[in-house]
Amino acid sequence: MKIGVLGSGDVAKTLASGFLKHGHQVTVGSRTPEKLADWAKANPAGATGTFAEAAAFGELIVLAVKGPVAGEVLRLAGANNLAGKTVGDACNPIADAPPDHGVLQFFTTHHDSLMEQLQRAFPDAHLVKVFNSVGTISMVNPEFPDGRPTMFICGNDAGAKKQVEGILDQFGWETADMGDVVAARAIEPLCILWCLPGYLRNEWTHAFKLLKR
Ligand SMILES: NC(=O)c1ccc[n+]([C@@H]2O[C@H](COP(=O)([O-])OP(=O)(O)OC[C@H]3O[C@@H](n4cnc5c(N)ncnc54)[C@H](OP(=O)(O)O)[C@@H]3O)[C@@H](O)[C@H]2O)c1
């Protein structure tokens, strides 16, 4: 597939390299594509460009930018470049305030998540929450002694979630579909839980697994 990755941070670069590893075509976008020069050098099969160029290129889009500016980045990407496409949303609504006893502070409430805000602002895009509650070290084909970890996803469009599930399968994850966009109120805070061992004990290599019977 052609993938447009929006972002120049560690998450965007890690996922973009993962897509290349699995044979996809990738354009990574930034306001200043020059800052992706090192990534481009290390990943000669990938391309870089503006947010709009990456979004126009992608059949599937991945959004991996600072939570407070996620809406602005989608605006720069262009609503027309997102319409009808799956947008994997890895963003978390982390506020500027520091963690409180290791607990990250959010700028959203329990009644309205970041992804709901984005979905309302871009109704023609098919947003799917994914990759928000694991560190970059474990995003692409992580190896754990107990097998594949679980990625919790949600979104309104069944076809978009199937596409994301296919990517997750390639990236070595099992998928747990938690329902429509409202479930982002539960999935986004998983990032707070995931970060706690990091802030408390400098442990950053774990991932969640859902046990079933
Ligand atoms: N780090 C992790 O391990 C991790 C794990 C899971 C999820 N997440 C979430 O994934 C997202 C990306 O995290 P990250 O650490 O890779 O990167 P980040 O530092 O949170 O975000 C960097 C991106 O934000 C964009 N940005 C910053 N200010 C902006 C502004 N005023 N206007 C437009 N764009 C702006 C930058 O755009 P330019 O390229 O134009 O500078 C850049 O692409 C975050 O929401 C984070 O919570 C992070």
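Chemist: Can you explain the pairing of strand 5 (residues 86–89)? Please cite residues and give values.
Modeler: Because side chains alternate across strand 5, one face comprises the buried residues Thr86 and Gly88, and the other comprises Val87 and Asp89, equally buried. Where strand 5 and strand 6 (residues 126–129) come together, 4 bridges link them in parallel fashion. Opposite Thr86, over in strand 6, you have His126 as the bridge partner. Of the crossover connections in this fold, the one passing from strand 5 over helix 6 (residues 114–121) to the parallel strand 6 is right-handed.

Chemist: Lay out the packing of aromatic side chains in plain terms, naming residues and giving numbers.
Modeler: The description of two aromatic rings rests on the distance between their centres and on the angle between their planes. The final tally for this structure, using the stated rule, is 4 aromatic pairs. Plain terms: the ring middles of Phe131 and Phe171 are 5.8 Å apart, the flat faces sit at 45° to each other, and that makes the pair tilted. Here Phe131, found in the loop between strand 6 and strand 7 (150–155), pairs with Phe171, found in the loop between helix 7 (158–170) and strand 8 (174–177); they are 40 residues apart in sequence, far enough to count as distant. As far as burial versus exposure is concerned, Phe131 and Phe171 are alike and both buried. Through a chain of ring-to-ring contacts, the aromatic side chains of Phe19, Phe131 and Phe171 assemble into a single cluster.

Chemist: Hey, could you go over the site of the ligand for me, with residue numbers and the actual values?
Modeler: The immediate surroundings of the ligand are formed by 25 residues, with Ser8, Ser30, Arg31, Lys35 and Val65 found nearest. At 2.9 Å, a backbone N or O of Val11 approaches an oxygen atom of the ligand. Measuring from an oxygen atom of the ligand, one finds a side-chain N or O atom of Ser30 at 2.7 Å. When the ligand sits alone it has 890 Å² of accessible area, and the protein chains cover 78% of it. Broken down by class, the residue content of the shell around the ligand amounts to 12 nonpolar, 9 polar and 4 charged.

Chemist: Tell me what's going on with the sheet that holds strand 1 (residues 2–6), and back it up with residues and numbers.
Modeler: One open sheet accounts for 8 strands, arranged 3-2-1-4-5-6-7-8; its pairing is mixed. In this open sheet, the two strands that pair with only one neighbour each are strand 3 (47–49) and strand 8. Across the sheet, the mean angle from the axis of one strand to that of its neighbour is 25°, orientation sign disregarded. Looking at chain direction, strand 6 and strand 7 are connected through 2 bridges and run antiparallel. Looking at strand 7, one finds that Lys129 is bridged to Cys154. In the packing of helix 1 (residues 10–21) onto the sheet, the strands contacted are strand 1, strand 2 (25–29) and strand 4 (60–63), and the crossing angle to strand 1 comes to about 170°. Seen against the sheet, helix 6 touches strand 4, strand 5, strand 6 and strand 7 and runs at an angle of roughly 170° to strand 6.

Chemist: I'd like a rundown of the pattern of salt bridges, residues and numbers included.
Modeler: Considering all chains together, one arrives at 10 salt bridges under this definition. Note that Glu188 is salt-bridged to Lys129, the shortest N-O span being 2.8 Å. Here the residue Glu188 occupies a position in the loop between helix 8 (184–187) and helix 9 (190–201), and Lys129 occupies one in strand 6, the gap between them amounting to 59 residues. In this structure Lys129 comes out as buried when scored by relative accessible area, which is 0%. Members of the salt-bridge network, linked through shared partners, are Asp89, Lys129 and Glu188.

Chemist: I'd like a rundown of the nonpolar core, residues and numbers included.
Modeler: Counting residues in each nonpolar core, the largest one holds 64 residues, and the members touching the most others are Val5, Leu6, Phe19, Val26, Leu63, Leu82 and Phe131. If we ignore the near neighbours within four places in the chain, the residues touching Leu82 are Ala55, Ile61, Leu74, Ala77, Val87, Phe122, Asp124 and Ala125.

The rules behind these values
- Residues numbered from 1 in each chain as written.
- Predicted model: local features only at pLDDT ≥ 70, side-chain atom pairs only at ≥ 80, totals over all residues.
- Heavy atoms only, no water.
- Buried < 20%, exposed > 50% of the residue type's maximum accessible area, 1.4 Å probe, protein only.
- Helix = DSSP H or I, 4+ residues; strand = E, 2+ residues; numbered from the N terminus.
- Pairing = 2+ DSSP bridges.
- Right-handed = clockwise from strand over helix to strand, strands pointing away.
- Phe/Tyr/Trp six-rings, centres within 6.5 Å; stacked < 30°, edge-to-face > 60°.
- Near = heavy atom within 4 Å.
- Polar contact = N/O pair within 3.5 Å; in protein donor to acceptor, adjacent residues only side chain to side chain.
- Areas by Shrake-Rupley, 256 points an atom, 1.4 Å probe, with all protein chains shown as cover.
- Nonpolar A, V, L, I, M, F, W, Y, C, P; charged D, E, K, R; others polar.
- Axes fitted to C-alpha atoms, helices over the stretch in contact; angles between N-to-C directions.
- Contact = heavy atoms within 4.5 Å.
- Salt bridge = Lys/Arg side-chain N within 4 Å of Asp/Glu carboxyl O.
- Core = buried A, V, L, I, M, F, W, Y, C linked by side-chain atoms within 4.5 Å.

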